[in-house]
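# Chains, contacts and geometry: an overview
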Amino acid sequence: MDTVTRPKILVVGAGFAGVECVRRLERRLAPDEAELTLVTPFSYQLYLPLLPQVASGVLTPQSVALSLRRSERYRTRIIPGGAIGVDLRAKVCVIRTINGETVDEPYDYIVLAPGSVTRTFDIPGLTDHAFGMKSLAEAAYLRDHVISQLDLADASHDPAERASRLQFVVVGGGYAGTETAACLQRLTHAAVRRYPRLDPALIKWHLIDIAPKLMPELGEHLGRSAQEILTRRGIEISLGVSIAKAGAEEVTFTDGRVVPTRTLIWTAGVVASPLIATLGAETVRGRLAVTAEMSLPGHDGVFALGDAAAVPDEAKGDGAVCPPTAQHALRQGRHVAENVIATLRGLPRRPYVHRDLGLVVDLGGTDAVSKPLGVELHGLAAQAVARGYHWSALRTGVAKTRVMTNWLLNAVAGDDFVRTGFQAHKPGNLRDFEYLDAYLTPEQVRAHVAEAGRAAR
């Protein structure tokens, strides 16, 4: 087949779903069957569940960033940029490259896996003063920030300033928030021993969530166990509470309490990438409404999956959709690749069905709670399961080696408390790390594509 006439398969996003899809397509399609393209601003796949361990310094940033260019055997073309709009009628994806150029990428088949962004609310001061935990840069930056608070408190002669710098607030009692609070609390607890002028009793961590339970997916017993572990460590947990106002030096809770702090970490859920809104298609709570085969009804050759798609959960039924977890994204990526291949070859597609393998929560050190295949575990056994699952899910041998080496080194040598200097010139908050103003409206997408078409003629 002439390479010019090869069908173009465009995959948007290099998260768990997108990368798994691309790798399966590369293995299952002959080079002359299709041209593969991946759109991503970063040429690595981020292993998101381990970010709290990057923030606490247990793992190095590069150990959870799996390079997409490392192997020479992959043939997918990578476009370094972000998709900012899709014209479904013209079959064109509008891309903003990392050098600021806007380009149009035509496709025959498109797989939308742009992931999610941090969910925020209209809370005064939130995006200006809160830190997120959704990207590698945020995790590395947050580690610098937390250690710098100890340094600044140590240097301060003002008791009020010292107290505010040693209080930390984490909003979000899900997996991300709980693990972030647990891992960073261990870091500060270990670090304060190296600051003889600081009173360890001044270090206070607050974990708050508007929900009535911590990590309700774990069930009553394990959720209570996790809460007891954190409370025993000195983390103050407040449920049924959120943030009313955020400032540079204090945070106001919805129950009226005012906590003096310079560190507000926001992990209160995610929403689908703003790219989905540019399609002008039906959504379910912001996620693209797709069939069980992960195809978009009424549009041939359009597939969506992962955090950005409301994929029906056939295992549960009753209109349930798959939760935005790495476990589902990995399996959906492989499954949607098979459905794209089936469509390309004129074969029937199969619905996605997957039963949950369980849940793992790493609380740092020897503390963990896990529920593999419904079996409740605590302590070292739960920790072995949690880390074993994450280690096995890493895609490359290089990543497995780096992560295992980091874990062993941390277990033997303990924590280090080095700041890298990311904060030397400018603060970084939620507003700085997620470029939400880059996306187009559906009308802007169609106008841009039409104008580009006229210019080409």
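Scroll up to find the structure.
As the structure is a prediction and not an experimental result, all values here were calculated from the model.

## Comments concerning the overall build of the chain
If you tally the helices and strands in the chain, you get 12 helices and 25 strands. A compact globule built from 457 residues should have a C-alpha radius of gyration of about 23 Å, and the chain, at 23 Å, falls within 12% of that. C-alpha atoms of the chain, sized along the principal axes, occupy 75 × 50 × 45 Å. The buried share among the 457 residues of the chain stands at 50%. In the chain, once contacts between residues fewer than 6 apart in sequence are set aside, the share between residues at least 24 apart is 69%. When the accessible area of the chain is evaluated, it comes to approximately 20500 Å², of which 55% is carbon and sulfur surface. Taking the average location of the 51 positive side-chain charges in the chain and that of its 49 negative ones, the two points are 4 Å from each other.

## Comments concerning the layout of surface pockets
When its volume is computed, the second largest pocket comes out at roughly 440 Å³. Lining the second largest pocket are 26 residues, with Arg 186, Gly 364, Gly 365, Arg 387 and Asn 410 sitting closest to its centre. Broken down by secondary-structure element, the contributors of at least two residues to the lining of the second largest pocket are helix H6 (175-191), helix H9 (379-393) and helix H10 (397-413). With 6 residues, H6 is the single largest residue contributor to the lining of the second largest pocket. Class assignment of the residues belonging to the lining of the second largest pocket gives a composition of 9 nonpolar, 11 polar and 6 charged. Shared between two domains, the lining of the second largest pocket takes at least three residues from each, and those domains are domain 1 (8-119 + 271-356 + 436-456) and domain 2 (130-268 + 358-433).

## Observations concerning unusual backbone geometry
Positive phi, normally seen in glycine, also occurs at Met 215, with a value near 45°. With respect to the helices, strands and loops of the structure, Met 215 is situated in the loop between strand E12 (204-209) and helix H7 (220-233). Met 215 sits in the buried class, given a relative accessible area of 0%. Unlike most non-glycine residues, Arg 285 shows phi in positive territory, near 50°.

## Topic: the pairing of strand E17 (residues 263-266)
Residues of E17 alternate between two faces, with Thr 263 and Ile 265 on one and Leu 264 and Trp 266 on the opposite face, all of them buried. Both strand E11 (residues 167-171) and E17 contribute to a ladder of 4 bridges, which runs parallel. Its bridge partner being in E17, Val 170 is matched across the sheet by Ile 265.

## A closer look at the environment of Val 94
Looking at the element boundaries, Val 94 is found in strand E6 (residues 92-97). Look at Val 94 and you get buried, because its relative accessible area is 0%. Taking the C-alpha atoms as reference, Val 94 lies 11 Å from Val 12; in sequence the two are 82 residues apart. Ignoring anything within four residues of it in the chain, the contact list for Val 94 reads Gly 82, Ala 83, Ile 84, Gly 85, Thr 102, Val 103, Asp 104, Leu 440, Val 445, His 448 and Val 449.

## Points about the side chain of Ser 238
Note that Ser 238 resides in strand E13 (residues 235-239). Once residues within four sequence positions are removed from consideration, Ser 238 is found in contact with Leu 207, Ile 208, Asp 209 and Arg 257.

## Considering the pairing of strand E8 (residues 109-112)
Alternating residues of E8 divide into Tyr 109 and Val 111 and Ile 110 and Leu 112, and every residue in both groups is buried. Where E8 meets strand E21 (residues 302-304), 3 bridges bridge the pair, whose relative direction is parallel. When the sheet's bridge partners are listed, Val 111 is paired in E21 with Phe 303.

## Some remarks on the sheet that holds E21
Pairing is mixed across the open sheet formed by 7 strands, whose spatial order is E7-E6-E5-E2-E1-E8-E21. Looking at which strands have only one partner, the edges of the open sheet turn out to be strand E7 (102-106) and E21. Mean inter-strand twist for the sheet, computed between neighbouring axes without regard to direction, equals 35°. Here strand E5 (residues 77-87) pairs with E6 via 6 bridges, running antiparallel. The residue bridging Asp 87 from the neighbouring strand is Val 92, located in E6.

Definitions and cut-offs
Note on numbering: residues in each chain are counted from 1, in written sequence order. This being a predicted model, a pLDDT of at least 70 is required before a residue's local features are given, and a value of 80 or more before pairs of side-chain atoms are given or counted; all residues contribute to the totals for chains, interfaces and linings. Where side-chain values are given, they derive from all heavy atoms of the structure, hydrogens and water being excluded. Working definition: helices are DSSP H or I runs of at least four residues, strands are E runs of at least two. Numbering for both runs from the N terminus. Computation of the radius of gyration draws on C-alpha atoms alone. For the globule rule, the value is 2.2 Å times the number of residues to the power 0.38. Whether a residue is buried, partly exposed or exposed follows from its accessible area with a 1.4 Å probe, protein chains only, as a fraction of its type maximum: under 20%, in between, or over 50%, in that order. The contact criterion used is simple: two residues touch if any of their non-hydrogen atoms lie within 4.5 Å. Only the protein chains shown count as covering a residue, and every accessible area follows the Shrake-Rupley method with a 1.4 Å probe. For the purpose of counting charges, residues Lys and Arg are taken to be positive, whereas Asp and Glu are taken to be negative. His and the chain ends are not included. The atom standing in for a charge is NZ when the residue is Lys, CZ when it is Arg, CG when it is Asp and CD when it is Glu. Lining residues are those with an atom within 4 Å of a point, where the points come from a 1 Å grid over the protein atoms alone and group into cavities, where a 1.4 Å probe fits but cannot get out, or pockets, open sets with protein on both sides within 12 Å along at least five of seven lines. Grid points are joined across faces, edges and corners, and a volume is the space filled by probe spheres set on the points. For this scheme, ten residues count as nonpolar: Ala, Val, Leu, Ile, Met, Phe, Trp, Tyr, Cys and Pro. Four count as charged, namely Asp, Glu, Lys and Arg, and the remainder, Gly too, count as polar. Each domain's extent was defined by an automatic or database domain assignment. Note: two strands are recorded as paired if DSSP finds a minimum of 2 bridges between them. To obtain an axis, a line is fitted to C-alpha atoms, over the contacting stretch when the element is a helix, and the angle between two such axes runs from 0 to 180 degrees between their N-to-C directions.

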